[in-house]
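Listed below are the residues making up each chain.
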Amino acid sequence: MVAVTINGQTTHAADGASLFDCAQGLGIQVPTSCQQQGKCKECIVEVTEGIDGLSAPAEQERHLKGNFRLSCQARVAEAGNRSLTVAALPAHPSRDREGAVGAIIRCHTMRRANMRIERHAFGLPLGRQAALDPAVTRDGERILIDGAEIARSTGPIHGIAMDLGTTTIVLRLFDLASGEQIADTSFENPQRFGGSDVMARISYDGEHRGLLMRTLAGYLTRAIEELPVDPRSIYEMVVVGNSTMRDLFFGQSVYSIGQSPYRSVTELEMAEGKRTTTSLTSTGRRCLLPIHPQARVYGAPIISGHVGADAAACMLAVDIAHEDRIIAVMDIGTNTELILGNRHRILAASCPAGPAFEGGAIACGMPALDGAIEDVTLGSDGGFHLGVIGGTAPQGICGSGLVDLMSELLDGPI
Ligand code: FES
């Protein structure tokens, strides 16, 4: 038997068991829409230890590099690879019932529960209370978008706001009649199998056109179906993200964003007079989502190059265009944007901060999951006091923890 740890839970699996079966046995839901046929490409796991203890990658996994596997295809291969596995795993060998050394396999799904997101912004004296003015309205039974009928229903009307990050995705569900937020959900961007930063994703999309978009659509479908409303009552979705994430979502070619002068195809078309805005508009059906098929899916305009629609949303949120004071906005993420200015002039720049937040250059970096240090305080005794998500023993440090740590190190006695 091999010890298989998935998302921190451990089971013992016999030779031939798939990681998908192991996850199911542990009660862990693995995204799938093909009944483990190797077709949907959604059941991806990242193997962090013991990959040699698995069967060789199947034909259906040719699109995956590094430590990523399809959990329905990757099987425990204890007998065939035992010596190889043990040799590859000197750090933490386990012992089976007879006391013999056994292999350990550790992996995690691309959709882990309990990802922490910030729900309450600090009370900055910035921004404005926007008047409720949704594009979607109703006239009796008629559901309208900008006055044009798209459906008939007597039920509620809902909308989703999505921040599509390179690493993390956050969805918020709103009642469009009252403006009330009903629910939110967040999960890691499953496109990580195509690389951790935007340039790697651009390159991956060039080799496997459309696969990143389809995988994301599968994960979004599951997330939307878990929201506490009928998905078909969702008539509008607004999407922001950096230029690459936004354009991949809308099925645009991202090749030009990866080449100097780093322009989205929408920017190039606007420069050629082919369009009047860099915003994108599609429908629920075309975006492969379970919301109303005629729902409007709107991608907010980008600023320029890698300064995308998420930066535009930040500017809108603090209403920098009407500010006399000079405002600085830092959207620190895998792709980071810096914005500085006021109503007279606004400057924006982008830079990758990914290595810090994905553990690329920080050995103990991790997502904002249980076990991640999110608060760091340097006490007067010189000791660190840590806040850990889930109140568990610390396993690593997430982005908020890193920002806290830097702040405390700058302020503290040196
Ligand atoms: S379950 Fe569909 S590819 Fe594995």
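These numbers come from a predicted model, not from an experiment.

## With respect to the overall build of the protein
Looking only at helices and strands, the protein features nine helices and 22 strands. Residues counted as buried form 39% of the 414 residues belonging to the protein. Residue pairs at least 24 apart in sequence account for 55% of intrachain contacts in the protein once pairs closer than 6 positions are excluded.

## A look at the sheet that holds strand β22 (residues 396-397)
Read across the open sheet, the three strands follow the order β21-β20-β22; overall the sheet is mixed. At either margin of the open sheet sits one strand with a lone partner, and together these are β21 (384-388) and β22.

## Observations concerning the sheet that holds strand β4 (residues 68-70)
Pairing in this open sheet of five strands is mixed, and the strands run β2-β1-β7-β3-β4 from one edge to the other. Strands at the two margins of the open sheet, each flanked by one partner only, are β2 (9-13) and β4. Put simply, the sheet's adjacent strands are angled 35° from each other on average, direction ignored. In terms of strand pairing, strand β3 (residues 44-49) meets strand β7 (residues 104-109) through four bridges, oriented antiparallel. Each residue of the ladder has a partner; that of Glu49, found in β7, is Arg106.

## Looking at the environment of Ser153
Its location among the elements puts Ser153 in the loop between β10 (148-152) and β11 (158-164). Ser153 sits in the partly exposed class, given 15 other C-beta atoms within 10 Å. For Ser153, the residues in contact, after removing those within four places along its chain, are Glu141 and Ile143.

Basis of the calculations
Residues numbered from 1 in each chain as written. Predicted model: local features only at pLDDT ≥ 70, side-chain atom pairs only at ≥ 80, totals over all residues. Helix = DSSP H or I, 4+ residues; strand = E, 2+ residues; numbered from the N terminus. Buried ≥ 20, exposed ≤ 12 C-beta atoms within 10 Å, placed from the backbone. Contact = placed C-beta atoms within 7 Å. Pairing = 2+ DSSP bridges. Axes fitted to C-alpha atoms, helices over the stretch in contact; angles between N-to-C directions.

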